[in-house]
Amino acid sequence: MNEATSSSGRSPVVAIAIAAVLVAIVSGGVLIFLGRSASAEFDPVSGAALFPDDTHFYMSFNTDFTSDPWVATPQLLNALGIEDNVREDLRESAEEEDLDFEDDIVTAFASMRSAGIAVQYDGSEDGEAVGVIDSRDRDRVIALLADSEDATIRTERDEDLDLDFDVYVTSQLGPDEEIAVTVEDGIIYIADQTEHISNFISRQRELPPLSESPSFLDALDAVGTDALTVAYGNGAIFEHRDFRDIVDAFTDTAEFDPRDASLAFSVTASTDGFGARLVVNVGSGSGTIEQLITEPADIEGLAALTPDDALFFVAGSGMHDALDEGYATLEQQERELLELWVEPFEDATGISVEHDLIPILGSTFGFAIAVDDIAGEVDPDSVWVLGLLESDQPATLRGHLETLIDEFEFECACDTSVWVSERAGYTAIQWPEVLLADPPLLDATAFQRTRALLPNEPAFLYFLNVPALPQSVFDEAADEIAADPDSYDFDLESILGFAIAGSGDDTSFTLEMVMPVDLNGSN
C-alpha cells in the first residue's frame, strides 16, 4: 500500500454514486436542467449483467433522461407547483459543494450508460453496499463523487484479484469515513470499504450474471421497466444465520419458505401521474400464498353505489372467508368475548352469527366515508358512512341486520339512525338515515383517472378522493406554506387522488400505488 498523497479537485456532492442518482430521481431536477439531451436507453436487465446472480438486493436507476418517465417528471412537478423549488434547491446544494449543477452534475449523469447498487448481507450490522456505474466519462464521475480539495488518496491492492483501489479520505465525508473506488474493464465500483468491492468482484467473477436469473427476469417482467428506478430482492438473504430464527418462526405458520421468494418494485411517472408497483413471488414449488389472495372485487359496481363526495372508498373481496376464519379463531382463543358481546344478541334475536349470518354473506364488500369539515371538532351532521355487503340472499341479510340493530337500540335505549336497504344486489348499511345522493363516485373524474392507472381486476382497492378533502385542509396547508418561506409551494388541488390496489394468484402478489396529477390544474 502506498503512502497517502495529496490531491486537488472539487468537493463531493454525495458520499457514493447511488446517493447522487437517488437525489436526481426523487427531485426530478436533472431533467429540469437537461431537457431531452441524448443519453443511453434505460435497460435494467443489461445493467444486471454486471451483478452476480446471488445479489441480495439490486437497484437500477434510469439515467436515460429522454425516456417517457423522465420527460413526464418535470411536467408533474410543475403541475404540483414545486418545479421552481426543486430547481432552486438543486442549484443551492451544488453551490454548497462548490459545484455547478449543469456543468458538473448533469454532465456526469448524462455520461452514464447505467447506474446501480448491490447490497449483500454478510452478517455485519450494515451489510455491504457497492455502487456500479458504466460511464462514457469515468474521470468526471469519479471526480464528482470522490475527489475534493482537501482529499488525500492512498492506493490499496488486492493481489488475489489483481485489483488496485484508490481510497479517498476527505473531511467532507465526516470523521473515520472514506470512499474506495476501482475501475475494472471500464466499470466504476465504489463503496465505503475496499473489502466490499473485492467481495463483490470475486462473486461477480465466479457466478453467472444476475441478468440470466429466471427469478430476476420474471420479477422485472412483472413490475415493468418503463420506470425511474427498478429494484429486485432475492430471498437468499434469509439463508444467513442471523435470520434463521425469524425464518423458522415464519415458516411454522406460513405456507411458503421466504428463502425461495423474491420481490421486485418499480417507481415510474407518466403524464397521468406517479406510480409504484411491488411484486412478491414465492417461487415455484416452494408453497403458496393463496390464503392472501382472493378473487377480483366488483370495483365498478361498488363505486356506482357510492356518492361522489366520498372522501375515502374501499372495495375488496374475501369477506366471507375472512369472517368465517375470524369467528373460528374467536371460538378457539377468545371465547369470553363471544359470551360477553355476541351470544346475548343471538339469544335475544334468535339469529346465529355463525350459522345464520356468515353463511349468506358473499365475498365482495365496500366501505365509504365522507366528512365535510375536519377543522376542530367534527360536526356529526357533516359525516356519512356507507357499508355495502354482497349476498345471494339480500332480503334475508337485510332482515337479520335490521333485527340486530333493533335489539341494540332496545338495549341502549337509543336511536342509532342506522339504515339498512337493498341497492342493486348489495345490502347497504348507512348512517345517517337518509338516502345517499347521486352522482356516483364511478362517474367522478378523480376516480376514473385513478382507476385507469390500476390493474384491471384488483382484489382490493383503497382510494383517497383528494378533491373531496374538506376545504379546511387546503386552507390549513396554504397557511403553513405562507408561514414558512422555505417550504415548497405545494399545490394539493392538482392531485386527483391516491390509491393502493392489490391482486395476485397462489404464487405471487402485486401491490400498486398511484397518484394521478392534473397537468391542467390551477397552475
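About the cut-offs
Residues numbered from 1 in each chain as written. Predicted model: local features only at pLDDT ≥ 70, side-chain atom pairs only at ≥ 80, totals over all residues. Heavy atoms only, no water. Helix = DSSP H or I, 4+ residues; strand = E, 2+ residues; numbered from the N terminus. Buried < 20%, exposed > 50% of the residue type's maximum accessible area, 1.4 Å probe, protein only. Contact = heavy atoms within 4.5 Å. Expected span 1.5 Å × (residues − 1). Bend = angle between axes of the 7 residues up to and from the residue. Disulfide = S-S within 2.5 Å. Salt bridge = Lys/Arg side-chain N within 4 Å of Asp/Glu carboxyl O. Pairing = 2+ DSSP bridges. Axes fitted to C-alpha atoms, helices over the stretch in contact; angles between N-to-C directions. Parallel < 35°, antiparallel > 145°, perpendicular 65-115°, else oblique. Left-handed = near helix turned anticlockwise from the far one by under 90°. Nonpolar A, V, L, I, M, F, W, Y, C, P; charged D, E, K, R; others polar. Core = buried A, V, L, I, M, F, W, Y, C linked by side-chain atoms within 4.5 Å. Polar contact = N/O pair within 3.5 Å; in protein donor to acceptor, adjacent residues only side chain to side chain. Phe/Tyr/Trp six-rings, centres within 6.5 Å; stacked < 30°, edge-to-face > 60°.

## Brief notes about the overall build of the chain
Helices and strands together make up the secondary structure of the chain, namely 17 helices and 19 strands. For the chain, with 523 residues in total, the buried portion stands at 47%. Sequence-distant contacts, at least 24 apart, represent 69% of the contacts inside the chain between residues at least 6 apart.

## Comments concerning helix H13 (residues 335-349)
Over its 15 residues, H13 extends 20 Å from the first C-alpha to the last, a length consistent with the 21 Å expected when each residue adds 1.5 Å. Residue Val342 marks the point of greatest curvature in H13, where the axis turns by about 45°; the proline Pro344 follows within four residues. Lining the buried residues of H13 we find helix H12 (319-333), helix H14 (353-357) and helix H15 (394-412). The positive-phi residue at the C-terminal boundary of H13 is Gly350, with phi of around 75°.

## Some remarks on H15
Here H15 is 19 residues long and its end C-alpha atoms lie 27 Å apart, about the 27 Å a rise of 1.5 Å per residue gives. For H15, the set of buried residues is Pro394, Leu397, His400, Leu401, Leu404, Ile405, Glu407 and Glu409. Those residues of H15 that are buried lie in contact with H13, H14, strand S13 (361-371), strand S14 (383-391), strand S15 (419-423) and strand S16 (426-431). Following H15 by one or two positions, Ala413 has its phi on the positive side, about 55°.

## What to know about the state of the cysteines
A complete count under the given rule lists 1 disulfide for this structure. Through a disulfide, Cys412 is tied to Cys414; the S-S separation comes to 1.8 Å. Between Cys412 and Cys414, the disulfide has an S-S torsion of -70° and is therefore left-handed. Cys412 gets classed as partly exposed once you look at its relative accessible area, which sits at 31%.

## Looking at the pattern of salt bridges
In total, this model carries 15 salt bridges according to the counting rule given. The partner of Arg157 in a salt bridge is Asp162, with the nearest N and O atoms 2.1 Å apart. Residue Arg157 is classed as partly exposed on the basis of its relative accessible area, which comes to 38%. Relative accessible area serves as the criterion here: at 52%, Asp162 is assigned to the exposed category. Arg451 serves as the salt-bridge partner of Glu300, at 2.9 Å between the closest nitrogen and oxygen. Note that Glu300 is positioned in helix H11 (residues 299-304) and Arg451 in helix H16 (residues 445-452), a separation of 151 residues in sequence.

## Section: the pairing of strand S9 (residues 229-234)
Of all 6 residues in S9, 6 are buried, a share of seventy percent or more. By the alternation rule, side chains of S9 split into Thr229, Ala231 and Gly233 and Val230, Tyr232 and Asn234, which are all buried. When strand S2 (residues 57-61) meets S9, the two strands line up antiparallel, connected through 5 bridges. Looking at S9, one finds that Tyr58 is bridged to Tyr232. Strand direction decides the pairing type here: S9 and strand S10 (residues 262-270), joined by 6 bridges, are antiparallel.

## A closer look at the environment of Pro52
If you trace the backbone, Pro52 turns up in the loop between helix H3 (44-47) and S2. Residue Pro52 is classed as buried on the basis of its relative accessible area, which comes to 1%. Along the backbone, Pro52 and Ala118 are 66 residues apart, and their C-alpha atoms lie at a distance of 9.3 Å. In this view, Pro52 contacts Phe200, Arg203, Gln204, Leu207, Pro208, Pro209 and Leu210; residues no more than four positions away in its chain are not counted.

## Quick notes on the packing of H12 against H13
It is the contact of H12 with H13, at a shortest axis distance of 7 Å, that shows an interaxial angle of 120°. The orientation of H12 relative to H13 falls into the category oblique. When you trace H12 past H13, the crossing you get is left-handed. Contacts between H12 and H13 involve Tyr327, Leu330, Glu331 and Gln333 on the former and, on the latter, Arg335, Leu338 and Glu346. Here the residues of the contact of H12 with H13 are counted per class, giving 3 nonpolar, 1 polar and 3 charged.

## Description of the nonpolar core
Grouped together as the largest cluster of nonpolar side chains are 39 residues, with contacts concentrated most on Ile105, Ile133, Val141 and Val181. Every element with two or more residues in this core is listed here: helix H4 (68-79), helix H5 (83-96), helix H6 (101-110), strand S3 (112-120), helix H7 (138-145), strand S7 (178-184) and strand S8 (187-191). By residue number, the principal contributor to this core is H6, which donates 5 residues. The next biggest cluster of nonpolar side chains, apart from the first, holds 29 residues, and it includes Ala191, Ile197, Phe200 and Ile201.

## A closer look at unusual backbone geometry
Across the chain, the bulk of peptide bonds are trans and the bulk of non-glycine residues have phi less than zero. Note the cis peptide between Trp431 and Pro432, where omega equals 5°. Structurally, Pro432 can be placed in the loop between S16 and H16. Positive phi outside glycine occurs at Asp162, with the angle close to 55°. A positive phi angle, close to 55°, is found at Asp185, a residue other than glycine. Positionally, Asp185 belongs in the loop between S7 and S8.

## So, the environment of Thr268
With respect to the element layout, Thr268 can be found in strand S10. Sequence separation between Thr268 and Trp70 is 198 residues, and the spatial gap between their C-alpha atoms is 8.6 Å. Ignoring any residue separated from it by four or fewer positions in sequence, one finds Thr268 in contact with Pro69, Asp226, Ala227, Leu228, Gly273, Phe274 and Gly275. Polar side-chain contacts of Thr268 include one of 2.7 Å to the backbone oxygen of Asp226.

## A look at the packing of aromatic side chains
When we look at a pair of aromatic rings, we describe it by the centre distance and by the angle of the planes. Taken as a whole, this structure holds 11 aromatic pairs when the rule is applied. With centroids separated by 6.4 Å and ring planes inclined at 20°, the aromatic side chains of Phe345 and Phe408 adopt a geometry described as stacked. Remark: Phe408 occurs in helix H15 and Phe345 occurs in helix H13; sequence separation between them is 63 residues. Note on Phe345: relative accessible area 23%, which makes it partly exposed. The rings of Phe51, Tyr58, Tyr189, Phe200, Phe216 and Tyr232 are connected pair by pair, giving a single aromatic cluster.

## Focus on the side chain of Ser363
Considering the arrangement of structural elements, one finds Ser363 in strand S13. A polar atom in the side chain of Ser363 sits 2.6 Å from the backbone nitrogen of Gly318.

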